[in-house]
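# Analysis of the macromolecular model
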Amino acid sequence: MKQIFALLSGLIFGFGLIVSGMSDPAKVLNFLDVFGTWDPSLAFVMGGAIAVTAPGFALLTRSRRRPFFDSEFRIPSRTDLDPKLLAGAVLFGTGWGLGGFCPGPALTALPIAATGTLIFVPFMLAGMWLARHTPDLSMPFNKGVTQ
Amino acid sequence: METSFTPWLSLGGGLMIGASAVLLMATNGRIAGISGLTSSLFARSTDGEARGVSALFVVGLLMSAPIWLLVSGEWPQQWVPSSPVLMAVAGLLVGFGATYGNGCTSGHGVCGISRGSMRSIVATVTFMAAAIVTVFVTRHQIGS
């Protein structure tokens, strides 16, 4: 069951990215182009997503001790602001502003097979592999829990 | 290039993304963070069951556009930058940065902010600022 719902969640997520326009880098780059051809649409994506997720997560974790088909809610517990978080966010934001893709939209758009996407995705996967194999010297007890 | 303002479609798509995040948490107890789920496939520490769940979520993402094509008769509209060097650098930065910083637009921007996580709020403000500065520099400093 959990596997079926994982697949279904991925599908719904992908449809959400397509419907919202988030899977179109032109729209993303215009959202980020505050001083140019600004298209504020994508603020509504984040707003809509949080409007469902915030009450949904709260209701789930308050009313249930565990998910329906698994043993525990795996919710990150860290609260510290480490250099790794900030450095990662700066690098990620820079790449997002260059290509107009973040990971979800890039994977969703992969089958459309635009040349830029076919180049972006393998390099993105290589970057993920690299980050997973980069030892974190500043936080020896961090087990690398990634959201 | 201009794109048209689509508040209702974007809101609707956002609600679907939220529904997906709640569904994954309700059934699997996992955060719908795309960089986390995808990169966990490359981590030795990921156990077989978690690997299967992550892989299936990614397969769902990959199936969405083809199903869209079957139902509507056309691919979703998009324009993708075509410079190979630019897209290679962008991909590397996105993949490495999102994984190194423990999350991307979905993990920090949607799920983390929804939990009220200070780490996610700081990360989201940081990557949004970096992205806005990058677009400003490439479009209005170098590009113009």
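Provided above is the structure to which this section pertains.
A few points on the structure. (Residues numbered from 1 in each chain as written. Chains lettered and ligands numbered in written order. Predicted model: local features only at pLDDT ≥ 70, side-chain atom pairs only at ≥ 80, totals over all residues.)

Quick look at the overall build of chain B now. Within chain B one finds six helices and zero strands. Ordered by position from the N terminus, the helices and strands of chain B form the series α-α-α-α-α-α. In terms of principal-axis extent, the alpha carbons of chain B reach across some 50 × 40 × 30 Å. A fraction of 42% describes how many contacts in chain B between residues 6 or more apart in sequence connect residues 24 or more apart. (Helix = DSSP H or I, 4+ residues; strand = E, 2+ residues; numbered from the N terminus. Contact = placed C-beta atoms within 7 Å.)

With that out of the way, let us pick up the environment of R119(B). Along the chain, the position of R119(B) falls in helix α6 (residues 118-142). With 100 residues separating them in the primary sequence, R119(B) and A19(B) have C-alpha atoms 23 Å apart. In this structure R119(B) touches R78(A), T79(A), L81(A), L85(A) and G112(B), once residues within four positions along its chain are discounted.

A few words on the nonpolar core. It is characteristic of soluble globular proteins that their nonpolar side chains tend to be buried jointly. With 78 residues, the main nonpolar core has F92(A), F120(A), A21(B) and V94(B) as its most contacted residues. In contact with V94(B), not counting residues within four places along its chain, are F92(A), G95(A), W96(A), G99(A), F101(A), C102(A), P103(A), M124(A) and G127(A). (Core = buried A, V, L, I, M, F, W, Y, C linked by C-beta atoms within 7 Å. Buried ≥ 20, exposed ≤ 12 C-beta atoms within 10 Å, placed from the backbone.)

Moving on, we come to the environment of L69(B). Residue and element names in this part refer to chain B. Within the fold, L69 resides in helix α3 (residues 48-72). We classify L69 as partly exposed; it has 14 C-beta atoms within 10 Å. The sequence separation of L69 and A21 amounts to 48 residues, and the corresponding C-alpha distance is 24 Å. Once you skip the residues sitting within four places of it in the chain, L69 turns out to touch E74 and W75.

A few words on unusual backbone geometry. Unusually for a residue other than glycine, A113(A) sits at a positive phi of about 60°. For A113(A), the position within the fold is in the loop between α5 (103-109) and α6 (115-132). For A113(A), a count of 11 C-beta atoms within 10 Å puts it in the exposed group. In this structure, N102(B) is a non-glycine residue whose phi angle is positive, near 60°. Here N102(B) shows up in the loop between α4 (84-100) and α5 (105-114). By the C-beta count within 10 Å, which is 29 here, N102(B) ends up buried.

Taken residue by residue, the interface counts 110 residues in chain B and 112 residues in chain A. For the side of chain B that touches chain A, the elements supplying multiple residues, two or more each, are α1 (7-28), α2 (34-39), α3, α4, α5 and α6 of chain B. With 21 residues, the single largest contributor to the side of chain B that touches chain A is α1(B). A breakdown of the residues in the side of chain B that touches chain A according to their chemical character gives 63 nonpolar, 42 polar and five charged. (Nonpolar A, V, L, I, M, F, W, Y, C, P; charged D, E, K, R; others polar.)

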